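Secondary and tertiary structure notes
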Amino acid sequence: MAGSKIDLRLLGYFLRTAEMGNITKAAEALNLAQPTLSKAIRQLEYQLKAPVFQRTAHGVALTPIGERLLRHARLVSAQLSDAEEEVRAMRDGSAGKVRIGAGPSWVRRKLPEAMAAALTERPGLQVTVSSGFDEGLLQALADGALDFVVAEKPLSGGDQIFEYEPLTDDALIVVGRPEHPLAAQRGIAPRAALTADWALPPEHTLARRKLDGRVISLGETPPAPVVASNSQSFLLAFAYFHDVLLYTTRSALRIPEGRGLVEIDVPELATSRPAGLIFRRPRLLTPASAYVADCLKAVCALEPVN
């Protein structure tokens, strides 16, 4: 394929077909005749010298090469969309759209304040905030669905895909309700805490992986939670009514859902959690996205704990 180029028009046709899984439906969505779209897909496969779809009884499915091409096609589509948005913003002075992914603690603190400041100065901004745990947000960022993510620093391995800029540092601690049998004790040994019931986020989240890694480093077995949820609000509310232990940030005790809870003193399980802005490489932000990110940096500079 040396010297060959992929036709962006054909790549767009491929993206729509891959997302719909059916050439006929994709042709209708693209306002093309079905034979024309089929010919375009064959032309793309000729350019790549490899098949991107395999036909099925219900439509088409991606080949392994098609799967890899889809990831790149989404990124190209996102970057072209960003380019159009930036040119439009520069041309007519509109503020533009911003798509932010935010970890659970950020949707309650820092980010609302930063967005309020940004919208006060630029009322034309259109901001979309998607909340969730880190893995899903980072996947959306990698796919081009988000402009940036504000969350816990990714573990090693993502440096080629993401660029990280630190904003805050907070402590990860064990938390429970005041009536929990361990609440009145001090200097609790990890094993004593690990025999209690736990309510935790899913295994793939960074907080859960940090807890498991910390426990394993101490020669113990990570807890199997009696309740697992991807909603921090639910976990905090549940712990208020039941004797379970949580592993969350100290700042969670200051939000409404966590104000009735207390820190459980298990010193060997406490650790820090750096968090900040995460960008897709290369960092190609629209002026609107860069402005909101700058507002968030300004807010965090006043209190670098979240």
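Note that this is a predicted model, so its numbers are computed, not measured.

1. Regarding the overall build of the protein chain
Of regular secondary structure, the protein chain possesses 10 helices and 11 strands. For the protein chain, the spread of C-alpha atoms along the principal axes amounts to about 75 × 50 × 35 Å. When burial is assessed residue by residue, the protein chain has 46% of its 306 residues classed as buried. Long-range pairs, those at least 24 residues apart, make up 75% of the contacts in the protein chain with a sequence separation of at least 6. Here the protein chain holds 35 positive side-chain charges and 34 negative ones, and the gap between their average locations is 6 Å.

2. Details of the packing of aromatic side chains
Across all of its chains, the model carries four aromatic pairs by this definition. Judged by centre distance (5.4 Å) and plane angle (40 degrees), the ring pair of F14 and F53 falls under tilted. Of the two residues, F14 sits in helix α1 (residues 8-20) while F53 sits in strand β1 (residues 53-56), which places them 39 residues apart along the sequence. Like F14, the residue F53 is buried in the burial classification. Ring geometry for F148 against F279: centres 6.1 Å apart, planes inclined by 55 degrees, an arrangement best described as tilted. Residue F148 is found in strand β5 (residues 148-152), and its partner F279 is found in strand β11 (residues 271-280); the two are separated by 131 residues along the sequence. Each member of the pair, F148 together with F279, is buried. Its guanidinium or amino end placed over the ring of Y291, R122 lies 3.9 Å from that ring's centre, counting from NZ or CZ. Above the ring of F279, the side-chain terminus of R283 is found at 3.8 Å from the ring centroid.

3. Some words on the side chain of R109
Within the fold, R109 resides in the loop between β3 (97-102) and α5 (111-121). Given the relative accessible area of 19%, R109 is considered buried. Contact partners of R109, with chain neighbours within four places excluded, come to S251, R254, I255, E303, V305 and N306.

4. Overview of empty space enclosed by the protein
In this approach the atoms are scanned with a rolling probe the size of a water molecule, which exposes any empty space left behind. Under the definition given, this model contains two cavities of 30 Å³ or more. What the largest cavity holds in volume is close to 280 Å³. P104, F133, A207, Q232 and R273 are the residues nearest the centre of the largest cavity, which is lined by 22 residues in total. Every element with two or more residues in the lining of the largest cavity is listed here: β5, α9 (232-241) and β9 (246-249). Top contributing element to the lining of the largest cavity by residue count: β9, with four residues. There is about 70 Å³ of room inside the second largest cavity. Forming the boundary of the second largest cavity are Q79, D82, D147, F279, R280, P282, R283, L284 and L285.

Cut-off values and rules
- Residues numbered from 1 in each chain as written.
- Predicted model: local features only at pLDDT ≥ 70, side-chain atom pairs only at ≥ 80, totals over all residues.
- Heavy atoms only, no water.
- Helix = DSSP H or I, 4+ residues; strand = E, 2+ residues; numbered from the N terminus.
- Buried < 20%, exposed > 50% of the residue type's maximum accessible area, 1.4 Å probe, protein only.
- Contact = heavy atoms within 4.5 Å.
- Lys, Arg positive; Asp, Glu negative; His and termini not counted.
- Charge placed at Lys NZ, Arg CZ, Asp CG, Glu CD.
- Phe/Tyr/Trp six-rings, centres within 6.5 Å; stacked < 30°, edge-to-face > 60°.
- Lys NZ or Arg CZ within 6 Å of the ring centre and 35° of its normal.
- 1 Å grid on protein atoms, 1.4 Å probe; cavity = no way out; pocket = protein on both sides within 12 Å on 5 of 7 lines; lining within 4 Å.
- Points joined across faces, edges and corners; volume = space filled by probe spheres on them.

Geometric values such as these leave the question of function open.
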